[in-house]
Amino acid sequence: MPNLAQIAQQLVATGKGILAADESTGTIKKRFDTIGLESTETSRRDYREMLFGAKEAMSQYISGVILFDETLRQSASDGTPFVEMLRANNCLPGIKVDMGAKPLPGHEGETVTEGLDGLRDRLAEYRELGATFAKWRGVIAIGEKGPTRASIHANAHALARYAALCQEAGIVPIVEPEVLADGKPGNHTIEVCETVTGETLADVFEQLRIAGVDLSGIILKPNMVIPGINGPTVSVEDVAERTVRTLKATVPATVPGIAFLSGGQTCEQASANLSAMHKIGGLPWALTFSYGRALQAEALAAWGGKAENVAAAQKAFVHRARMNSLASQGLWEADVDRAA
Ligand code: 13P
């Protein structure tokens, strides 16, 4: 049985990253709405089967997949459990365990992520079902006055309690504090994102230390330092420089890997920004992707919910996975991306 550090290292192996396919039932409905498809247990299965069946992507570029509870228990149309389908490609199955961001009392527009009660028992079951790692997403919203200490601290504390419970269960925690780029009003500058991301990560690592979490057995999943989606545009180099600077100031070198989320970025931006960070160099941790939208958006559009489009959708997914694999090594090129 591999230990926590070995699993964490496997998740960030050179040239590989994580596929976040853990959209909750509510979120996947929103994604399917964009292609005019009804979200049912069968359509959700067909969609995930299309992704996990893209052998070239899954075996070469994807180290692990974050699943939603339903998907962890689901099987492909031929009866093969998804967990086995992933394992056949040397992909680790992971599980989203938080119960979502809920309104933070007394702090309008801010949230705290719930799901700690009963988590010990749920983790034990997920481990039985084959999960080797987990995910919990805390959301930090930048409103007119910026996030409050209450919101940063409540989320950091919950992330640390979750991480400690995961490690007790022999599961690697992905610690995801997301400073939202696509919240409301979403017009903040990159400078504000840099300050808030720095404060958030500092609090998260303090809470992890207090909780006794072994940093060699976690993966950090942060946002990149970017402006709000309605904020002033910036260069790729600016994003890369500020992100690396913020991470170096807050993330201990004992953390084996950092795998970014992609919210608020286009597919190409997410690849370009990651690649540019590697050009800066001197990074003490592996730096890769754990994208949801930036890995899936093109494949979802190509699929459109139709069986006859599966091959085209898989081709789009393989391409995106390959582009991000290159980006995770500083080797992504815009013209290669666009030539596809
Ligand atoms: P995005 O890459 O679409 O932000 O999703 C990643 C994720 O897992 C969010 O929790």
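For the structure itself, consult the block above.
Keep in mind it's a predicted model, so treat the numbers as computed, not measured.

Q: What exactly am I supposed to notice about the packing of helix 3 (residues 41-52) against helix 13 (residues 310-327) here?
A: To characterise two packed helices, one gives the angle between the axes of the helices and the distance between these axes. Close contact between helix 3 and helix 13 brings their axes to 9 Å; oriented N to C, the two are set at 55 degrees. One element, helix 3, and the other, helix 13, form an angle in the oblique class. The two elements helix 3 and helix 13 cross, and the hand of that crossing is right-handed. Facing Glu 49, Met 50 and Leu 51 of helix 3, the residues of helix 13 in contact are Val 310, Ala 313, Gln 314 and Phe 317. A per-class count over the contact of helix 3 with helix 13 returns five nonpolar, one polar and one charged.

Q: Would you mind going over the site of the ligand with me for this structure?
A: Neighbouring the ligand are 13 residues, the closest being Lys 135, Lys 221, Ser 262, Gly 292 and Arg 293. Between the ligand and the protein, one listed contact pairs an oxygen atom with a side-chain N or O atom of Lys 221 at 2.6 Å. Arg 293 places a side-chain nitrogen or oxygen 2.6 Å from an oxygen atom of the ligand. In the complex, 93% of the free accessible area of the ligand, which totals 300 Å², lies under the protein chains.

Q: So what exactly am I meant to see when it comes to the environment of Ser 262 here?
A: Relative to the helices and strands, Ser 262 is located in the loop between strand 9 (257-260) and helix 11 (267-280). What makes Ser 262 buried here is its relative accessible area of 4%. Through-space distance from the C-alpha of Ser 262 to that of Ala 327 is 13 Å; in sequence the pair is 65 residues apart. Once residues lying within four places of it in the same chain are set aside, the contact partners of Ser 262 are Ala 270, Tyr 291, Gly 292, Arg 293 and Ala 294.

Q: Please explain the pairing of strand 6 (residues 133-140) as it appears in this structure.
A: Each regular strand shows side chains that alternate between the opposite faces of the sheet. In terms of burial, strand 6 is a largely internal element, seven of the eight residues being buried. Note that strand 3 (residues 92-96) and strand 6 share three bridges and pair parallel. Along strand 6, the bridge assignment pairs Gly 94 with Phe 133. Here strand 6 pairs with strand 7 (residues 172-179) via eight bridges, running parallel. Of the residues in strand 7, the one forming a bridge with Gly 138 is Pro 177. Crossover handedness for the path strand 6 to helix 8 (residues 149-168) to strand 7: right-handed.

Q: Quick question: what am I supposed to make of the sheet that holds strand 8 (residues 219-220) here?
A: Strand order in the closed barrel formed by eight strands is 1-2-3-6-7-8-9-10, with parallel pairing between adjacent strands. Where strand 8 and strand 9 come together, two bridges link them in parallel fashion. Residue pairing in the sheet places Ile 219 in a bridge with Gly 257 of strand 9. Each of strand 1 (17-21), strand 2 (62-67), strand 3, strand 6, strand 7 and strand 8 touches helix 1 (residues 4-11); the most contacted strand, strand 7, lies at about 55 degrees to it.

Q: Mind showing me how you'd approach the pattern of salt bridges here?
A: Pairing of side chains with opposite charge becomes possible as their charged atoms draw close. Across all of its chains, the model carries 20 salt bridges by this definition. Between Arg 48 and Glu 23 there is a salt bridge, and its shortest N-O distance comes to 3.0 Å. Of this pair, Arg 48 sits in helix 3 while Glu 23 sits in the loop between strand 1 and helix 2 (25-33), and the two are 25 residues apart along the sequence. Taken individually, Arg 48 and Glu 23 each receive the classification buried, so the pair is uniform in this respect. Among the ionic pairs, Arg 242 bridges to Glu 194, the shortest N-O distance being 2.7 Å. With Arg 242 in helix 10 (residues 236-250) and Glu 194 in helix 9 (residues 190-210), this residue pair connects regions lying 48 residues apart in the sequence. Glu 194 shares its class with Arg 242; the two are buried. Here the salt bridges share partners, and the residues they tie into one network are Glu 191, Glu 194, Asp 238, Arg 242 and Arg 245.

Here is what the cut-offs are and how they apply
Residues numbered from 1 in each chain as written. Predicted model: local features only at pLDDT ≥ 70, side-chain atom pairs only at ≥ 80, totals over all residues. Heavy atoms only, no water. Axes fitted to C-alpha atoms, helices over the stretch in contact; angles between N-to-C directions. Helix = DSSP H or I, 4+ residues; strand = E, 2+ residues; numbered from the N terminus. Parallel < 35°, antiparallel > 145°, perpendicular 65-115°, else oblique. Left-handed = near helix turned anticlockwise from the far one by under 90°. Contact = heavy atoms within 4.5 Å. Nonpolar A, V, L, I, M, F, W, Y, C, P; charged D, E, K, R; others polar. Near = heavy atom within 4 Å. Polar contact = N/O pair within 3.5 Å; in protein donor to acceptor, adjacent residues only side chain to side chain. Areas by Shrake-Rupley, 256 points an atom, 1.4 Å probe, with all protein chains shown as cover. Buried < 20%, exposed > 50% of the residue type's maximum accessible area, 1.4 Å probe, protein only. Pairing = 2+ DSSP bridges. Right-handed = clockwise from strand over helix to strand, strands pointing away. Salt bridge = Lys/Arg side-chain N within 4 Å of Asp/Glu carboxyl O.

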